[in-house]
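# Remarks on the overall topology
The primary structure of each chain is shown beneath.
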Amino acid sequence: MESAIDRAGLLIAWHDHLALSLRRSPHTVRAYHKTAVRLLDALPPGQDWASLARLDAPRLRQHLAERRADGLVNTSAARELSALKAFLAFARAQAGLPDAAPPRLRGPRVKKGLPRPISPDDAVALAEMVSEEAAPWIAARDRAVLLLLYGAGLRIAEALALPASVLPLGERLTVTGKGGRQRVIALLPVVRDAVADYAGQVPWPLARDEPLFRGAKGGPLSPGMVQRAMARARVALGLPATATPHALRHSFATHLLGAGADLRSLQELLGHASLSSTQIYTRVDAATLLDAYRNAHPRERGE
């Protein structure tokens, strides 16, 4: 394959590989694209696929050390290294060297924390609170989005990517998640009613091939707007900073597991490619039970 290509061509090819071939989420595409930009900024001009494929470990360690000097914490450094490895693997493939040995790089150790679920009462209270702090149709919109996250376990990107063609909602909803994987989710009546309430109030026409959820000016609703609405509600309710939109999805999983759902069913509902991603919720549920025991047992309370 021809390796001579300008910088813009390198980045376009990398972006299209992520977005079109691998079908990564928009967030991942942006993050991995920025990682490639930073690497190219740190290298002499005129890089092509072959020169990128020949980058050695000392040069890459130097680049990563410079990034750490900019204040990159362990979790961000680990993600940066993962994105760099993916970009350089793509470079080797483009240069016709897919079997070349990659540079040996070891990332920082990152302690995996448990997801922080929200109690059922708090999850419902958050959805109701956003309804009190905005124009009626926007309040209905935000409530519908939050109930989709908690009541159906959607990722925020999945909820905001829903087209208006899903209306009217039935008892089942087909969702396209990471990697283009589709799953079917059962919808509670309260979730269907919330979405219908929003659809009946939104002032913009909902063409079938356009996004279901709209911003104040009629464009697609951004994740940041949902995050800000939830942050305001979280503060008003006195909930911790861990009460984020994604925490509602964690809560959906944790509460289903606590109610007796099996891991395989939960894996399908969440759209996890690997069961290991779902198994973390068994640790969350055990931790929740232990907290309840400590708070309730007389000996733990010092009685």
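Residues numbered from 1 in each chain as written. Predicted model: local features only at pLDDT ≥ 70, side-chain atom pairs only at ≥ 80, totals over all residues. Heavy atoms only, no water.

### Considering the pairing of strand β2 (residues 182-186)
Just so we agree on the cut-off: To sort residues, take the accessible area from a 1.4 Å probe on protein chains only and compare it with the maximum for the residue type: under 20% means buried, over 50% means exposed, and anything in between is partly exposed. In this text, helices come from DSSP runs of H or I with a minimum length of four residues, and strands from runs of E with a minimum of two, each type numbered from the N-terminal end. Two strands are counted as paired when DSSP detects at least two bridges linking them.
Taking every second residue as pointing to the same face, the buried face of β2 carries Arg183 and Ile185, while none of Gln182, Val184 and Ala186 on the other face is buried. Direction of pairing for strand β1 (residues 172-176) relative to β2: antiparallel, over a ladder of 5 bridges. Each residue of the ladder has a partner; that of Thr176, found in β2, is Gln182. From the end of β1 to the start of β2, which pair antiparallel, there are 5 residues, and Gly179 there has a positive phi angle of about 70 degrees.

### What to know about the pattern of salt bridges
Our working rule: What counts as a salt bridge is simple: a side-chain nitrogen of Lys or Arg found within 4 Å of a carboxyl oxygen of Asp or Glu.
Across all of its chains, the model carries 6 salt bridges by this definition. Its salt-bridge partner being Glu158, residue Arg155 comes within 2.4 Å of it at the nearest N-O pair. The same class applies to Arg155 as to Glu158, namely buried. It is possible to trace a salt-bridge network through shared partners that takes in Arg38, Arg67 and Glu80.

### Quick look at unusual backbone geometry
Glycine aside, the phi torsion of most residues is negative, and most peptide linkages are trans. For the peptide bond that leads from Leu167 to Pro168, omega is -10 degrees, which places it in the cis range. Along the chain, Pro168 falls in the loop between α8 (156-160) and β1.

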